[in-house]
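# Topology and contacts: notes
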Amino acid sequence: MTSAREDSQPVRPTAEDEVAAAGSELFGGPAGRRARLGTSWWTPVRIIALVMIGMFALGMAQKAPCYDGGWFQGATSQYTHACYSDIPHLYNGRGFALDVVPYFERIPDSVSGGMEYLEYPVLTGLFMEVASWLTPRHGSIQDREQVFWMVNAGMLMACAAVIAVCVARTHRRRPWDGLLVALAPAFALTATINWDLFAVALTAAAMLMWSRGRALAAGILIGLATAAKLYPVLLLGVLFLLCLRAGRLRAFGSAAAGAAGAWLAVNLPVMISTSGGLHIREGWQKFYSFSEERPVDFGSVWLIISQRTGDPLTDVNTYATALMVLSCAGIVALALCAPRRPRFAQLAFLVVAAFILTNKVYSPQYVLWLVPLAALARPKWRDFLIWQACEVVYFVGIWMYLAYTSGESAHRGLPPEGYQLAIAVHLLGTLYLCAVVVRDALMPQRDVVRRDGSDDPSGGVLDQAPDVFVLGAARDGLDEHRQDGLYARPQEGPYAQQGPEPLA
């Protein structure tokens, strides 16, 4: 058994992860048994936050060829340098340069190319509007677009630091897992393509609040995150399943009420119009109608099928929805039938990954949704880096494909067959990480988070809670424990391993 002092010490990745141990040789090697930990100002959280800021700055530097002209001088350069960003283009293209009020005023066709209203959720629209307020109104449009990108980059850097800190603090004894987020190459490369980091930061904060048992605060943050991007609402489904199994539905009710209240508080003022009678504002609907009407697009498995068969897949919404429903059915079965209740982060990662894999579009910045969840669900450097390598391949692949099809580069870049291969690499990498997470849920002794006897450090009220509702084979074990006057609950203390400790 470990001592109370050992239980209070952070888990050291160099002591349990062979890749982390090898990587630490660059900085003097793994910490020894006599190392004095926790006595310096340089705490793990502070180090991780600074590493994140440094990596974010490197990602900004990677966009330098575009900042210096690639965004403004033809389309091909921003693709061949892999430094494209939506941010400068949408400053003028969505009317911010003309002081058009998002959702309330139509964007002139002369600048939007036919997009009448801003096609982003309300809270993301507010984020963009604040950045436009901080952008000077003097100078050429190119100068203003550069400043707009820089202002947004500064605001997104703050979001990145919040994400790193939240991940580092969610698992109390595993702060160093935040380095997975801070050092993720795909994170740095995609952080300033769009505004996704804002929703990711709110989601990471929600998971931190839930891990501290603050269900209402977690729900409010999930509601705000859903008002910035749609995917965070999926976490409520995960919490419902876990709270159902643990008999903690009151906590779920608090979170759901907080999420609904926060979402409505943000959306109702923009959603409802009283001019000419009470009705839903057309500008507010644009995000949802655009998402529904959008055809098969970049990065999805549906694009491979469409390009290989020549079928435009006009019914792709039906196919994608059916596949997502099947994926969610599998997650429900895992949540209620696994021999031990899966961890919150594990199911959260799986449901968001399912949404990404089945969606009709995969923009390269969508990887940001998964990075914090992956760091919490499977904090193992080997698996994380395999997945990240696949995402970097896709990041390069999409820009080279756009360079090939831009019409200015004389087919210099990646042809459709090569791009389809890049999509397949992304899909296989994500599926690989999903498979490892599912295996950990079915075989808890392989879960590196639970290896020291922990149950669910991100689970809040679920941590160490007994099961009260399970299905399948897990129900037989629950009935046996009930007959003995006990509930099936996590094993106390560290696992007793038979034979050598698994490496994966």
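Just so we're clear, the structure is a prediction, and the values are computed from it rather than from any experiment.

## Quick notes on the overall build of the protein
- Helices and strands together make up the secondary structure of the protein, namely 24 helices and two strands.
- Contacts spanning at least 24 positions in sequence make up 72% of the contacts within the protein whose residues lie at least 6 apart.

## Remarks on the state of the cysteines
- One pass over the structure, following the stated rule, counts one disulfide.
- Linked covalently through their sulfurs, Cys66 and Cys83 form a disulfide whose S-S length is 1.9 Å. In this structure the cystine formed by Cys66 and Cys83 twists about its S-S bond by roughly 75 degrees; its chirality is therefore right-handed. Of this pair, Cys66 sits in helix H5 (residues 64-70) while Cys83 sits in the loop between helix H6 (76-80) and helix H7 (86-93); the two residues are 17 residues apart in sequence, bridging distant segments of the chain.
- The class of Cys66 is buried, set by a relative accessible area of 0%.
- Taking relative accessible area as the criterion, Cys83 reaches 0% and is therefore assigned buried.

## Re the nonpolar core
- With 141 residues, the main nonpolar core has Phe187, Leu197, Trp210 and Phe349 as its most contacted residues.
- Top element by residues in this core is helix H13 (residues 196-211). It accounts for 13 residues.
- Those residues in contact with Phe187 that sit more than four places away from it in its chain are Met52, Ala160, Ile163, Val181, Leu197, Leu368, Val371 and Gln388.

## Topic: the packing of H7 against helix H10 (residues 141-170)
- In contact at an axis separation of 8 Å, H7 and H10 are set at 125 degrees when each is read in the N-to-C sense. By the angle class used here, H7 and H10 are oblique. Crossing hand, H7 versus H10: right-handed. Between H7, through Ile87, Pro88, Tyr91 and Asn92, and H10, the contact on the second element is made entirely by Ile141, Arg144, Glu145, Phe148, Trp149, Asn152 and Leu156.
- Across the contact of H7 with H10, the residue classes tally to seven nonpolar, two polar and two charged.

## Structural notes on the packing of H13 against helix H14 (residues 215-226)
- In the contact formed by H13 and H14, the axes pass within 8 Å of each other and the chain directions differ by 165 degrees. The angle between H13 and H14 places the two elements in the roughly antiparallel class. For H13 against H14, the interelement crossing comes out left-handed. On H14, the residues touching Ala199, Leu202, Thr203, Ala205, Ala206, Met209 and Trp210 of H13 are Ala215, Ala217, Ala218, Leu221, Ile222, Leu224 and Ala225.
- Considered class by class, the residues forming the contact of H13 with H14 number 13 nonpolar, one polar and no charged.

## Looking at helix H18 (residues 301-309)
- Within H18 the residues assigned to the buried category are Trp302, Leu303, Ile304 and Ser306.
- Taken together, the buried residues of H18 touch helix H19 (316-337), helix H20 (344-358) and helix H23 (416-442).

## Some points on the environment of Ile193
- Secondary-structure assignment places Ile193 in the loop between helix H12 (185-190) and H13.
- Of the residues examined, Ile193 reaches a relative accessible area of 2% and is grouped as buried.
- Expressed as a C-alpha distance, the spacing of Ile193 and Gln365, which sit 172 residues apart in the sequence, is 6.5 Å.
- If near-sequence neighbours (up to four positions away) are discounted, Ile193 is found in contact with Tyr84, Ser85, Asp86, Ile87, Pro364, Gln365, Phe395 and Trp399.

## A word on the pattern of salt bridges
- In total, this model carries 18 salt bridges according to the counting rule given.
- The partner of Asp383 in a salt bridge is Arg378, with the nearest N and O atoms 2.9 Å apart.
- The structure contains a network of salt bridges with shared partners spanning Arg245, Arg340, Arg341, Arg450, Asp455 and Asp467.

## What to know about the side chain of Thr190
- Inspection of the secondary structure assignment puts Thr190 in helix H12.
- Given a relative accessible area of 2%, Thr190 falls into the buried group.
- In contact with Thr190, not counting residues within four places along its chain, are Pro364, Gln365, Val367, Leu368 and Phe395.

## Here we look at the packing of aromatic side chains
- Here the structure, examined in full by the defined rule, presents 28 aromatic pairs.
- With a centroid separation of 6.3 Å and an interplanar angle of 5 degrees, the aromatic rings of Tyr79 and Trp399 are classed as stacked. Placement of Tyr79 in helix H6 and of Trp399 in helix H22 (residues 381-405) is noted, with a sequence separation of 320 residues between them.
- With 6.4 Å between their ring centres and 75 degrees between their planes, Phe298 and Tyr419 make a pair best called edge-to-face. Taken together, the residues span a long stretch of sequence, with Phe298 in the loop between helix H17 (282-293) and H18 and Tyr419 in helix H23 at a distance of 121 residues.
- Counting every residue linked through ring pairs, the aromatic cluster contains Tyr231, Phe298, Phe355, Tyr362, Tyr366, Trp369, Tyr394, Tyr401 and Tyr419.

## So, the environment of Leu90
- Counting through the fold element by element, Leu90 comes out in helix H7.
- Linking Leu90 and Met128, residues 38 residues apart in sequence, is a C-alpha distance of 9.5 Å.
- If we skip the residues at most four places from it in the chain, Leu90 touches Gly95, Phe96, Tyr120 and Trp195.

The rules behind these values
- Residues numbered from 1 in each chain as written.
- Predicted model: local features only at pLDDT ≥ 70, side-chain atom pairs only at ≥ 80, totals over all residues.
- Heavy atoms only, no water.
- Helix = DSSP H or I, 4+ residues; strand = E, 2+ residues; numbered from the N terminus.
- Contact = heavy atoms within 4.5 Å.
- Disulfide = S-S within 2.5 Å.
- Buried < 20%, exposed > 50% of the residue type's maximum accessible area, 1.4 Å probe, protein only.
- Core = buried A, V, L, I, M, F, W, Y, C linked by side-chain atoms within 4.5 Å.
- Axes fitted to C-alpha atoms, helices over the stretch in contact; angles between N-to-C directions.
- Parallel < 35°, antiparallel > 145°, perpendicular 65-115°, else oblique.
- Left-handed = near helix turned anticlockwise from the far one by under 90°.
- Nonpolar A, V, L, I, M, F, W, Y, C, P; charged D, E, K, R; others polar.
- Salt bridge = Lys/Arg side-chain N within 4 Å of Asp/Glu carboxyl O.
- Phe/Tyr/Trp six-rings, centres within 6.5 Å; stacked < 30°, edge-to-face > 60°.

No statement about biological role is implied by the geometric values presented.
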